Amino acid sequence: MIIIYRFLKSLLDKIFALIGIIIFMPLIIILSIAVAIDSKGPAIFLQERVGKGEKIFKMVKFRTMRTTGIPFDINNPVIEDDNQNLTKVGRFIRRFKLDEFLQLFNVLKGDMSFIGPRPLLPVYLEQYQPWEKEKFKLKPGMSGLAQVNGNGHLSGAERSYYDVLYIKKENPFTDLGIVFKTLLVVLRGEEKYLRHVSEKELNLISEEFETTGKISRKKYKACSEGIKVKKDSETKGDSSTKAESPDKTYGE
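The structure displayed is predicted, hence computed values, not measured ones.

### Observations concerning the overall build of the protein
- Along the protein, the regular secondary structure elements total 7 helices and 6 strands.
- For the protein, the residues scored as buried account for 46% of the 252 residues in total.
- Across the protein, the fraction of contacts at a sequence separation of at least 24, relative to all contacts at a separation of at least 6, is 72%.
- For the protein, the computed accessible surface area is about 14,200 Å², with 61% contributed by carbon and sulfur atoms.

### Digging into the environment of His153
- Examined against the element boundaries, His153 turns out to sit in the loop between strand E4 (141-143) and helix H4 (156-169).
- We classify His153 as buried; its relative accessible area is 18%.

### Focus: the pattern of salt bridges
- Going through the model one piece at a time under the given rule, you end up with 9 salt bridges.
- The salt bridge partner of Lys58 is Glu48, with a shortest N-O separation of 3.5 Å. Separated by 10 residues along the polypeptide, Lys58 in strand E2 (residues 56-62) and Glu48 in strand E1 (residues 44-50) bring together distant segments of the chain.
- Note that Glu134 and Lys137 form a salt bridge whose closest N and O atoms lie 3.0 Å from each other.
- Take Lys137: its relative accessible area is 47%, and that puts it in the partly exposed class.
- Overlapping salt bridges, with partners in common, bring together Arg6, Lys9, Glu170 and Asp175 in one network.

### Comments concerning the pairing of E1
- As defined by bridge partners, E1 adjoins E2 across 7 bridges and the pair is classed as antiparallel. Within E2, the position partnered with Arg49 by the bridge is Phe57.
- Following E1, the chain reverses through 5 residues before pairing antiparallel with E2; Gly53 in that reversal takes a positive phi of roughly 70 degrees.

### Considering the nonpolar core
- In this structure, Trp131 and Tyr161 are the most contacted members of the largest nonpolar core, which totals 22 residues.
- Breaking this core down by element, the ones donating at least two residues are H4, helix H5 (172-188) and helix H6 (199-212).
- No other element matches H4, which puts 6 residues into this core.

### A word on the packing of H4 against H6
- With their axes 11 Å apart at the nearest point, H4 and H6 run at an angle of 60 degrees to one another. Classified by the angle between their axes, H4 and H6 sit oblique to one another. Our pair here, H4 against H6, has a crossing hand that is left-handed. In this structure, H4 contributes Ala157, Glu158, Tyr161 and Val164 to the contact, and H6 contributes Glu201, Leu202 and Ile205.
- Here the residues of the contact of H4 with H6 are counted per class, giving 5 nonpolar, no polar and 2 charged.

### Some details on the packing of aromatic side chains
- Tallied over the entire structure, the rule returns 4 aromatic pairs.
- Where Phe24 meets Phe101, the ring centres are 4.5 Å apart and the plane angle is 35 degrees; that geometry is what we call tilted. Placement of the pair is Phe24 in helix H1 (residues 2-38) and Phe101 in the loop between helix H2 (88-95) and helix H3 (104-109), with a sequence separation of 77 residues.
- Residue classification places Phe24 among the partly exposed positions, given a relative accessible area of 31%.
- Overall, Phe101 belongs to the buried group, its relative accessible area being 18%.
- Taking 5.6 Å as the distance between ring centres and 65 degrees as the angle between the ring planes, the aromatic pair formed by Tyr128 and Phe136 counts as edge-to-face. Residues Tyr128 and Phe136 agree in their burial class; the two are buried.
- Sitting over the face of the ring of Phe96, Arg95 holds its NZ or CZ atom 4.8 Å from the ring centroid.

Conventions adopted
- Residues numbered from 1 in each chain as written.
- Predicted model: local features only at pLDDT ≥ 70, side-chain atom pairs only at ≥ 80, totals over all residues.
- Heavy atoms only, no water.
- Helix = DSSP H or I, 4+ residues; strand = E, 2+ residues; numbered from the N terminus.
- Buried < 20%, exposed > 50% of the residue type's maximum accessible area, 1.4 Å probe, protein only.
- Contact = heavy atoms within 4.5 Å.
- Areas by Shrake-Rupley, 256 points an atom, 1.4 Å probe, with all protein chains shown as cover.
- Salt bridge = Lys/Arg side-chain N within 4 Å of Asp/Glu carboxyl O.
- Pairing = 2+ DSSP bridges.
- Core = buried A, V, L, I, M, F, W, Y, C linked by side-chain atoms within 4.5 Å.
- Axes fitted to C-alpha atoms, helices over the stretch in contact; angles between N-to-C directions.
- Parallel < 35°, antiparallel > 145°, perpendicular 65-115°, else oblique.
- Left-handed = near helix turned anticlockwise from the far one by under 90°.
- Nonpolar A, V, L, I, M, F, W, Y, C, P; charged D, E, K, R; others polar.
- Phe/Tyr/Trp six-rings, centres within 6.5 Å; stacked < 30°, edge-to-face > 60°.
- Lys NZ or Arg CZ within 6 Å of the ring centre and 35° of its normal.

Okay, here's the thing in structure tokens:
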């Protein structure tokens, strides 16, 4: 059943990607001009990412930062909203996820899907634990389970947890739910939907994979939404229930 769904999903991905490119082409052109006017450098560039089967592909992106000679810092990969190197147009593009539109070309080409684990930079491959590499069994997506549960506010391990969990939960209803929630995240912001994963769950999934060489579907089904971060008023005096602050790793 899942094989049939993945075939149909791949077909629909390309159909909707083509439709999306046609519909949003005026917006893509306008954004490209705005980026070019706002700062020096190319409006669009290609960046290597890791796809299905650990295959490297070129992802199409809008340039949202000023062109500098500063090398990429693997220890500080997350670009904060107040980063001084972000351009005015770039900050606007990133806030409303408009840079994702160009990835429609990657979906049309077959390198990506609309929904799936987010493709990350090749530099992080050697940092993955064995269980995290399960995410490479599927095409990467424009959005995914991690992106609607906190994204950049999650640690690298937490994001991998959601990516691997998605593979076990992949079905039409899950995908439609992620599409709907992605729209809410764009409108309301990532922090509104932040759900951390406990250290216990991360250890469980790692230990199971080391022991059995696979990750069960049902075992983590109940954990698909992680731990909802409580408001300060709900957690005062009860530090045991408050989710730990994530270390921002693995980039976006």
